[in-house]
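Secondary and tertiary structure notes
Here are the chains, one letter per residue:
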Amino acid sequence: MDRQQIISKITSDEDKLLVSKMLDKIDFMNKRNSIEYTDFLDMRQRQLLEKILKEIRFNNYIATGGFKSAERTVLIFYPEKLEELFNNSFFDYNTILNGVRIKLPNELKGIYRHRDYLGAIIKVGLKREKVGDIIVYKDGADLIVLKDAAKYVLEGLQKLTRFSKSEFENIKLEELNIEEPKLQILNIIVPSMRIDSILSEIVRTSRAKALEIIKEEKVFINHEIVTKGSKEVKPADMITVRGKGRFKVNGIINNTKKGNLILEIEKYI
């Protein structure tokens, strides 16, 4: 399958550009015999690119976002001569990704949220695809960025009034402040294991609105995009809803007298 055949199957201009850039990276990798990588991808974008990679039978790549459970990731393409380096986990991802730590002054600790840091990134003129996950905790936040953008991020954020009393530093991926997620146990009642039924309960909305969210391509099961409300959910599946959070289906714990299912859900908070 040639380049034009691949791109012609894609309807969105934005996705065409995304796929085209990825194919360029693979071409560069082959010509230069070097490591190449994408910008940060959200789950939908990653799924699209991995689907293309499967179609063209390209396997020399790995996805990473700097830590195991990262939602935003980059795809790294490597030549065959470096296959052993990646397969045996010898590659140093700090050569591609960097951490930027923001330490807040006492009066701001516990106040700033994810949207405050994301807003700051946008304000300094940095494209969202240059920044991965933003890990927020009481004392500040760790931002995962492409290494070649780290200096720009650091210098830009330091100039903002909201961070005038904050401290900044570059950190390695191993130093990221990864905290175990807090979990809230929910028991929900649904007529079936269809994703639209479960989604309407976990995000507390109507079935019709749940279907809209699905059509907007905001719902993922085990990092794969869901396009139909009839998709069956299984115990241990991870459901991610963009803008709403992540949920794990622990399983069916009982049935009601009317035949509905009582599910136990873990909500990551």
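We now turn to the structure provided with this report. (Residues numbered from 1 in each chain as written. Predicted model: local features only at pLDDT ≥ 70, side-chain atom pairs only at ≥ 80, totals over all residues. Heavy atoms only, no water.)

Next up on the list: the packing of helix H2 (residues 13-32) against helix H3 (residues 43-55). Following both chains from N to C, one finds H2 and H3 inclined at 55°, their axes separated by 11 Å at the closest point. With respect to their mutual orientation, H2 and H3 come out oblique. Every pair of crossing elements has a handedness; the one defined by H2 and H3 is right-handed. Note on element contacts: H3 touches H2 through Arg44, Gln45, Leu48, Leu49, Ile52 and Leu53, opposite Glu14, Asp15, Leu18, Val19, Met22 and Ile26. Classifying every residue of the contact of H2 with H3 by side-chain character gives eight nonpolar, one polar and three charged. (Axes fitted to C-alpha atoms, helices over the stretch in contact; angles between N-to-C directions. Helix = DSSP H or I, 4+ residues; strand = E, 2+ residues; numbered from the N terminus. Parallel < 35°, antiparallel > 145°, perpendicular 65-115°, else oblique. Left-handed = near helix turned anticlockwise from the far one by under 90°. Contact = heavy atoms within 4.5 Å. Nonpolar A, V, L, I, M, F, W, Y, C, P; charged D, E, K, R; others polar.)

Of note, Asn33 is a non-glycine position whose phi angle comes to about 55°, a positive value. Note on placement: Asn33 falls in the loop between H2 and strand E1 (36-37). The exposure class assigned to Asn33 is partly exposed, which follows from its relative accessible area of 39%. Its identity as a non-glycine residue notwithstanding, His223 has a phi of 70°, on the positive side. Here His223 is to be found in the loop between strand E9 (219-221) and strand E10 (224-225). Of the residues examined, His223 reaches a relative accessible area of 43% and is grouped as partly exposed. (Buried < 20%, exposed > 50% of the residue type's maximum accessible area, 1.4 Å probe, protein only.)

Next up on the list: helix H6 (residues 147-158). Note on helix geometry: an α-helix contains 3.6 residues per turn, so any two residues three or four positions apart are oriented the same way. Between its terminal C-alpha atoms H6 stretches 17 Å, which fits the 16 Å expected from twelve residues at 1.5 Å a residue. Ala149, Ala150, Val153, Leu154, Gly156 and Leu157 are the residues of H6 that are buried. Of the surrounding secondary structure, the elements contacted by the buried residues of H6 are strand E4 (97-103), helix H5 (114-123), strand E6 (140-146) and strand E7 (167-171). (Expected span 1.5 Å × (residues − 1).)

Before going further, it helps to examine the packing of aromatic side chains. Summed over the entire model, instances satisfying the criterion amount to nine aromatic pairs. For the pair Tyr78 and Phe86, a centre-to-centre distance of 4.2 Å together with 10° between the ring planes defines the contact as stacked. Assessed through its relative accessible area of 4%, Tyr78 is described here as buried. Three or more aromatic residues joined by ring pairs make a cluster, and in this case those are Tyr78, Phe86, Phe91 and Tyr93. Here the basic side chain of Arg32 rests over the ring of Phe28, its NZ or CZ set 4.3 Å away from the ring centre. When the ring centre of Tyr268 is taken as reference, the NZ or CZ atom of Arg246 above it lies at 4.7 Å. (Phe/Tyr/Trp six-rings, centres within 6.5 Å; stacked < 30°, edge-to-face > 60°. Lys NZ or Arg CZ within 6 Å of the ring centre and 35° of its normal.)

A full pass over the atoms with the stated rule returns 15 salt bridges. Salt-bridge contacts for Arg32 lead to Glu36; the nearest nitrogen and oxygen are separated by 3.5 Å. A salt bridge links Glu216 to Lys218, with the shortest nitrogen-to-oxygen separation between them at 3.3 Å. By relative accessible area, Lys218 is classed as partly exposed at 33%. Three or more residues joined by partner-sharing salt bridges are found here, namely Arg3, Asp24 and Asp27. (Salt bridge = Lys/Arg side-chain N within 4 Å of Asp/Glu carboxyl O.)

Fair warning: the whole summary comes from geometry, so function is off the table for now.
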